[in-house]
Structures are given as structure tokens and as C-alpha cells.
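Each chain, written out:
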Protein chains: 2
Amino acid sequence: MAKDKKLVEAITSMDVDFAQWYTDVVKKAELIDYSSVKGCMVIKPDGYAIWENIQKELDKRFKETGVQNLYMPMFIPESLLEKEKDHVEGFAPEVAWVTHGGLEPLQERLCVRPTSETLFCDFYARDIHSYRDLPKLYNQWCSVVRWEKTTRPFLRSREFLWQEGHTAHATAEEAEERTIQMLNLYADFCEQVLAMPVIRGRKTDKEKFAGAEATYTIEALMHDGKALQSGTSHNFGDGFAKAFDIQFSDKDNKLKYVHQTSWGMTTRLIGAIIMVHGDDNGLVLPPAIAPTQVVIVPVQQQKAGVLDKAYELRDVLSNFRVKVDDSDKSPGWKFSESEMRGIPVRVEIGPRDIENGQAVLVRRDTHEKTTVALSQLDVKVGELLDEIQKHLFEKAKAHRDAHTYTATTFEEFEKTVNEKPGFIKAMWCGCQECEDKIKELTGATSRCMPFKQEQISDKCVCCGKPATKMVYWGRAY
Amino acid sequence: MAKDKKLVEAITSMDVDFAQWYTDVVKKAELIDYSSVKGCMVIKPDGYAIWENIQKELDKRFKETGVQNLYMPMFIPESLLEKEKDHVEGFAPEVAWVTHGGLEPLQERLCVRPTSETLFCDFYARDIHSYRDLPKLYNQWCSVVRWEKTTRPFLRSREFLWQEGHTAHATAEEAEERTIQMLNLYADFCEQVLAMPVIRGRKTDKEKFAGAEATYTIEALMHDGKALQSGTSHNFGDGFAKAFDIQFSDKDNKLKYVHQTSWGMTTRLIGAIIMVHGDDNGLVLPPAIAPTQVVIVPVQQQKAGVLDKAYELRDVLSNFRVKVDDSDKSPGWKFSESEMRGIPVRVEIGPRDIENGQAVLVRRDTHEKTTVALSQLDVKVGELLDEIQKHLFEKAKAHRDAHTYTATTFEEFEKTVNEKPGFIKAMWCGCQECEDKIKELTGATSRCMPFKQEQISDKCVCCGKPATKMVYWGRAY
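Quick caveat: nothing in here was measured; it's all calculated off a predicted structure.

> Explain helix α9 (residues 268-277) of chain B to me, using residue names and the numbers behind them.
Of all 10 residues in α9(B), 10 are buried, a share of seventy percent or more. Among all positions in α9(B), only R268(B), L269(B), I270(B), G271(B), A272(B), I273(B), I274(B), M275(B), V276(B) and H277(B) are buried.

Here it is as C-alpha cells:
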């Protein structure tokens, strides 16, 4: 593997400097490039192809639950943004404002959507009249803008891609049910497709979405022990409906306000994949979303028959997303590059392999090599991809479990935060003062009140008063 | 059909007022809704599903030619937009300007992309070094903003959805080849998928894209005899490369400028579909992009077994995009609604049909009814959809051919424009003065210099000097 060195040495080891490792990987695996606008990135083909696979999987799951896609304008008039008080307070400080159209100043300035609740509400107010019009189960795939001060590729950028689902229902119960349904859909997607275990729970009032009655979240643990909020689902109750006057005549002929939800996932997930599965050789992609699942690397490709055999194997493997690396680089460089790009399975085929009717399979996750008969290649590659998908999940789950701690006293809590990066499960009295204090003194925030509650102790880890909830805490991206 | 009246009467007849007919159809077929921002529309689920089908088909065709998708930021710093002189002159008067991020004024204002040549160039300048990096064959699906004064849903809106392909090549020949390749891809797509015949040709210098060396276009004729530019492909030569300093070291070790192209198609195509195929009963969708290809309408659905049979037929037809309309509306209303929405085939099934082991098929395009045995339903529906797709194309082509005229004198030209809406083929000397004069006096613009040239006469239809080109002229959207 001596030839690989050049490429591998190009990235910092994750143990030396995790943040630098991350930046190196997104660049060297060619996921992004920086742009001329600070905080906005170019998502390069290899990065975008991951997003396309995420979209395809999520979109299919949404549609199976009756969701329809549509498209809302990207601009929100200032007066519209201001209609719901909590919402505008949450978002106004971080929106980009359009003040001129062509050479003329606008009569009213427009913000570039940071999220589209207000647009959907404006639309619903015109579009919903009767109980027959409900539920509305809408989603859009688009980009949104939030003028963040500190930015990092995928994790926090001024523009990012996402989907935002927005639904309207006749009853509070139905809205709550949909909120939970979408959170569970997100969690299953993360675990089954991204091979990333998540904690499902509810945000505290301090951490909930601007304008929501309740925000539910899935929280994942990155390799460095920091948490990443990976998807949220909000129940708005009838708060927005009252602010925007969205009423319908119900079966009993009475005018009622609708109950709404919204839920979103973003390109941030790509950052999560990198930080959950990556290693010192670069990216490690779960087969389910890897743009290339199998790369075939011909060895001594100048020898007669080698390249032809490689193309033949590509046809044999056409059930998978497969590529032949027939560039004029050395095999060692190609091996190293396929690792950097996180391709789950590498097939190596040279003159001797051909003679023996076999090929070498190399797993990206464990680097394990096996020799397989060419007649078995198709089946073995399929099995290996399944195994890798499963193994990545198990490995990430083991890592998360090994980095999940409990604390019953503030001292223990503080010591754990500082010495053992990870999740801390600890009890909480329910008051924001304790939450604020914990954040101020330790840098850890409440990640969620998990659906699966445990009784760690009976007292708040901060104030010692009777506890009402068990909370996952942690430093977070 | 008496019961249908209510819905059908809701739209103006196309012969009475074509513009009003168009507006009625986009609203009543639930393709769009107006929004709180003038000139920006909500694309509703039925409209967006058409766009999704267009995307799926086009994207597949792009990828087959080696194109990769990526994503560029939506903002362009003013200084970047200004780098290519012709380009900024063409676009600056119609862009939306962001001047504030959150509460702070920006140091440099940013425009919301009206098109992304400058962003791609900025990226290429960093990303292209050697001939090994070429060609770059990139595309993005996104929304763009052009601050138009007069707007119409799909046809001209301040924000619209599109794809923009951007490629960079080592030689001028390769760039020209790609420009033509993509134009032909667009034309084939329009004819095969949208059932819309197009004229392929080159734009005059006056009509070409800001910054392009050559612009190629496909032009379609709408039902009212007005032309619609339906897709364009531009060859930039090395103009942008010089402005942005995009050089590569070639095989001969010399630094050379790349040659670039760009090409785009937009949600405008949905407007084209409406205006080419629609009729006084509403939308008529080509089966290839119809979100619902077959609607099953149960008749006397309250009778035992009818709804069950309808669901059974849905399973039989599961190779198609099929729906059962089991709402509590009357069958007549459902018939009318399926016509308004342009669903290609309607299957009517009632108690007597079930008794006889048959169903009634109704074509949206010709309203023709046939009775088919249930055992044959699957096959017959497939055949019918193929036939409708073919028939729509033939019908549109016949309409276009019947509305394509020639003129050899200015008087004839003027009379034709005023009395016979359609394309006019006429000779042109090649100077812009004649082009300007024709536009000023008749309202007709040069649509394109078609690849298939004909010799209508040997003199310019305007000035009488020797002609160099045959041009398609017409009033246009």
C-alpha cells in the first residue's frame, strides 16, 4: 500500500484534529468546493449524487404515506413573515433581504425563505375551505437561506438544500399523529439507509422551533462524541392557523381552525454520514446511498484481456451501481482513491486472477480481502454490500452506546462533559434556568427528552429539585 | 354529459379569449396558485407532478450522455456577475438584489442567480487544470429569478424552475458538438415525450443569449398561432474563459482556454403542453408525462361490488400511473374533472359492465368511447396510451404545418402576421436593421434560422437586398 501514501497523507488523522479531518475529507473526496460567497458551497457531483440518493429514498417513503410534492416561491414579503410573532423573532435576525428588483427599489422588502411556514399558511388560507380539503400533506424539495455567522460545509451553511413537509389537519390528534409518524419515518430512514442510529425524542421548550407547540427530533452521535440534530418534526397546533386565519367548515357545519405540522431534513445529513462512518482513509459510505457501490480496478491493465475482463465484470455486476476505474493512474493510487471516496466494495482483477477465474474483493469498512470465483461474483458482491450496510450500523451503534454516559450530580455531569465526549443521560426538573446554567457552565445543551424514558435518579442533575424528565445532553454541532 | 356543465362552463372557450382560457385552465386544473409575491407562483401538486416527470425523463437522457448533476450557490456577488461584459448588460436590469444579511448591510450586494454561467466559470477557474480534467459535463436543477415586469404562470414568471447544463471542453469543435447534441436531445424530448413538434435552428445575433457566440433554439407553435421558445443551447466559445481566466495545460504542455456551452429548459414547458394540446374541456396531457395516466370512475359506486371491482382493476392496471376516483362526487362530475385535469384515459365501470365482464374506455384527446372485455383491459389501455401519445404529436404537427406560411414581400408578410397567426418562413439579408424594422412594424420576431434551410426567394423580405438565410418569424410568448 506504499503507493497510496500520497493521497492518504493529504488528510489529517481524525484523532489529531477532527475538525481538520472533516474539512480535508469533504475536499479530498470531492464532495464540495468553496464559492465566492462566504458560507455558500458548491456541492460537487460526488456530494450531490449522495443527496440525490437520499432524496430518492426519502421521497419514496413520503409518497407512501400520501404526501404530495409542490413548489412555493423562494421569497417571503416582510409583512407575511411577521404574521406569527414567535416565528419572526426566531428567523428575522438570520434572513437575507432582497431590496431591489432590477434597477428599482422594492416597495416592500422580501426575504429569501429561511423556511416556508408562512408561505404555506398564506396558501392554505386560500386553498382550504371544507373538511373535504383536509388533510393537506405537502412537501417541497428546495434550498433555503439562513445568514449564519460561523459556517461549515454541510453542517452549517448560509444556503442549504432540504425538504420541508407541511401538513394541515382537521384535528389536534391527527396533527400530533402525523408529527410523530414523520419523526419515525426519519429515524427509520437514518437507521436503515444511512446506517446511523438515532435517539428519538422531544425538544425542551427552549430548543423547540420558533412558533411550534412541540418539536420532536432525532439525535445522532458523531465519531468525536458531539451530537448532531439530524431531523425535526414540529406540531404547530392551531397557532399559525389563528395568525393566518386558516379555517374550514367541518362536518358539523362549524368553522374551525386547522392544526398544522412541518418536518425537515437537510444536506446536513451528508455531514452526519461523514462524521459517523468516516475514517483516516477518508469517506466510508453506506451501500444504500453510495453513488458508486462497487469499483472495479484492473491490475496491469496494459496486459491483453485485463480491461476487457473488467468491462465484462461491470456487466455481470450491473444490478449494482458499478464503475470501472480505467484511468491511467497506478492501481495503488486507484485503491487509495476508492477508499477516499468511500466506495463500499472494490473488485481487483489482474492477469493472474483471470487465469485462476477469480477476483479479489476488498471491503471499504474493514479493509478485509477475500478471493471469490468469478462465477460467484454477483452473489458475493450482493452479500457483501448487505453485510457492510449492517456492519456500519452495528459499529456506529456500538460507538454511540460506548459513548453514552449517565450523571446524577452536577460535578459528575461536568466531569463527564469535559473528559468523555458523548451523550449524557441525566434527570431534569423541567425549568429553563437549569438548562441555561448547564449550557453556560459546560457547553452541553439538552438534545432531547427521549421517548424511552429511564429513571437515572429522582433529582434534577442541576438544582437537585424533583426531576420530571430524563434528558439526553451533549455538546453539539 | 349535462352534469359536467358546471365545471366546463368555468373555463372560457379558447376561441373566445385564448389568454383567458389559458389562465382558467392553469387554475381550474389546479396546476398553480398565485402567491403574495407578484409574478411568483405556487406550483400545486398536479403541476409539480408534471415537472417531476419532465425532470425524470430529461435527467435520464442527460446522464446517458455523461452529464453529472451538482449544485451551485443561489447568490452571485455583483463583481462576479460583472466579469463578462455582454452577460452583465443582458441580465443586470432584471435581477433581484440582496443587500442585507440578517440585521447587517452586506459589504457587496449579491444577486439571486438569473442563470449561473458566472458561478460555473468561477468554479471552473479553480477546478480545471489539465486536459485530464476535461470535458466537464455538469448540470443543475434549481430555481432562478428574473425580475420581469409582465408575468404569466409558467410562461414568464419572476421565479421559475429549470435545469441549466454547463460544460467545458478542450476544443472549439467539441464545444460546438455538445451544443448541437443537447439541442437535439431537447428536440427529441419535446417530440417523443411532450408530443410537441419543434423547429430546430439558430438564433440571429440580435436574439442570442447575453455572452454567447451562438445560440441554438427549438421553437414550437402554440394553438393560437404564437411561437414559444422551448429550449436553448449556447456555445460560448472561449469568451467566458478569457473573462474568468479558465485555462488548462493541454497534451502539448501549452496553456489554453477552455470552450464552454450552456443549455436550459424550464417550467415554461408546462405552459407549452397546455397551449399545444389543451382544448375547451381543459388540459390534455401526453401519456408520457401525465401524473395520472388512467382514472377509473366507478358508476353507481354505492351498489355492492362496484368499488371493489374498481380497486381490482386498479391492480390490473398497476403498470400504469392509475387512480380510482372513489370520492362522493357524481360520475358526471368525475368525468368532467378527469377531462379538466387532462388524464389521457378514463375507465368507466358500473354494475352492468361488471355483469357483462367489460368496461368503457374513454380517450381524453378524441372523446372516443370503446367497450373492452375486462380480460383485455391491461393490453387495450397500453395500446390506447401509445396511440394517444402518437395522435397528440400528429395533431400538433398538422396544426403547426397548417399554420406555417411563406412570404416573399413585406406586404405579404405583414398581411400574414395580422390575418393568419402562425410561423412565417421568409428570407432575410442578415442585417439587424431589417430584423428591428419587422419587429417594430409587425410585432413578429425572428424565431430561428432553421437547420433545414429552404429557398423561398432570393431577396430579403424586408429590404429586398440579396438574402443570406431563411428565417422562421412569428409573434411569440
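> Could you give me a rundown of the packing of helix α3 (residues 45-64) of chain B against helix α7 (residues 172-192) of chain B, with the residues and numbers involved?
All names here are of chain B. Packing of α3 against α7 brings their axes to within 11 Å, and their N-to-C directions diverge by 140°. When you trace α3 past α7, the crossing you get is right-handed. Facing α3, whose interface residues are I54, E57, L58, R61 and F62, α7 presents M182, L185, Y186, D188, F189 and Q192. Looking at the contact of α3 with α7 residue by residue, the class counts come to 7 nonpolar, 1 polar and 3 charged.

> An account of the pattern of salt bridges is needed here, citing residue identities and associated values.
This structure, assessed with the given rule, holds 78 salt bridges over all chains. Note that E30(A) is salt-bridged to K44(A), the shortest N-O span being 3.2 Å. With E30(A) in the loop between α2 (18-28) and β1 (32-34) and K44(A) in the loop between β2 (41-43) and α3 (45-64), the pair connects residues that are 14 residues apart, well separated along the chain. For E454(B), the salt bridge identified is with K425(B), shortest N-O distance 3.0 Å. Of this pair, E454(B) sits in the loop between β22 (445-450) and β23 (469-474) while K425(B) sits in strand β21 (residues 423-428); the two residues are 29 residues apart in sequence, bridging distant segments of the chain. In this structure E454(B) comes out as partly exposed when scored by relative accessible area, which is 35%. Each of E30(A), K44(A), D46(A), R341(A), D127(B) and K136(B) takes part in a single network of salt bridges with overlapping partners.

> How would you explain unusual backbone geometry if you had to name every residue and give the values?
Residue and element names in this part refer to chain A. That bond from L134 to P135 is cis: its omega, -5°, falls within 30 degrees of zero. Tracing the backbone through its elements, the reader meets P135 in the loop between α6 (117-127) and β7 (136-145). With phi around 60°, E30 is a residue other than glycine that occupies positive phi space. A residue is classified by how much of its surface remains accessible, and E30, at 30% relative accessible area, is partly exposed.

> Lay out the interface of chain B and chain A with the relevant residues and their values.
A common way to state how big an interface is: give the accessible area lost once the parts meet. In this complex, chain B contributes 53 residues to the contact, which on the side of chain A involves 53 residues. Where chain B abuts chain A, roughly 4400 Å² becomes buried across the two surfaces, and 59% of that area is made up of carbon and sulfur atoms. The tally of links between chain B and chain A comes to 8 salt bridges. Here E52(B) and K63(A) are joined by a salt bridge, their closest N and O atoms 3.3 Å apart. Scanning the region where chain B abuts chain A turns up 29 residue pairs in polar contact (both at pLDDT 80 or more). Tallying contributions element by element places strand β5 (residues 96-101) of chain B first for the side of chain B that touches chain A, with 6 residues. Here the side of chain B that touches chain A is built from residues that sort into 31 nonpolar, 9 polar and 13 charged.

> Explain the packing of helix α14 (residues 410-419) of chain A against helix α15 (residues 432-442) of chain A to me, and be specific about the residues and the numbers.
All names here are of chain A. At their nearest, the axes of α14 and α15 sit 10 Å apart, and the two run at 45° to each other. Considering their axes alone, α14 and α15 lie oblique with respect to each other. As α14 packs across α15, the resulting crossing turns out to be right-handed. Between α14 and α15, the residues in contact are F410, F413, E414 and V417 and I438, L441 and T442, respectively. Taken together, the residues of the contact of α14 with α15 sort by class into 5 nonpolar, 1 polar and 1 charged.

Thresholds applied
Residues numbered from 1 in each chain as written. Chains lettered and ligands numbered in written order. Predicted model: local features only at pLDDT ≥ 70, side-chain atom pairs only at ≥ 80, totals over all residues. Heavy atoms only, no water. Buried < 20%, exposed > 50% of the residue type's maximum accessible area, 1.4 Å probe, protein only. Helix = DSSP H or I, 4+ residues; strand = E, 2+ residues; numbered from the N terminus. Axes fitted to C-alpha atoms, helices over the stretch in contact; angles between N-to-C directions. Left-handed = near helix turned anticlockwise from the far one by under 90°. Contact = heavy atoms within 4.5 Å. Nonpolar A, V, L, I, M, F, W, Y, C, P; charged D, E, K, R; others polar. Salt bridge = Lys/Arg side-chain N within 4 Å of Asp/Glu carboxyl O. Buried area = accessible area lost by both parts, 1.4 Å probe. Polar contact = N/O pair within 3.5 Å; in protein donor to acceptor, adjacent residues only side chain to side chain. Parallel < 35°, antiparallel > 145°, perpendicular 65-115°, else oblique.

These figures capture arrangement, not role.
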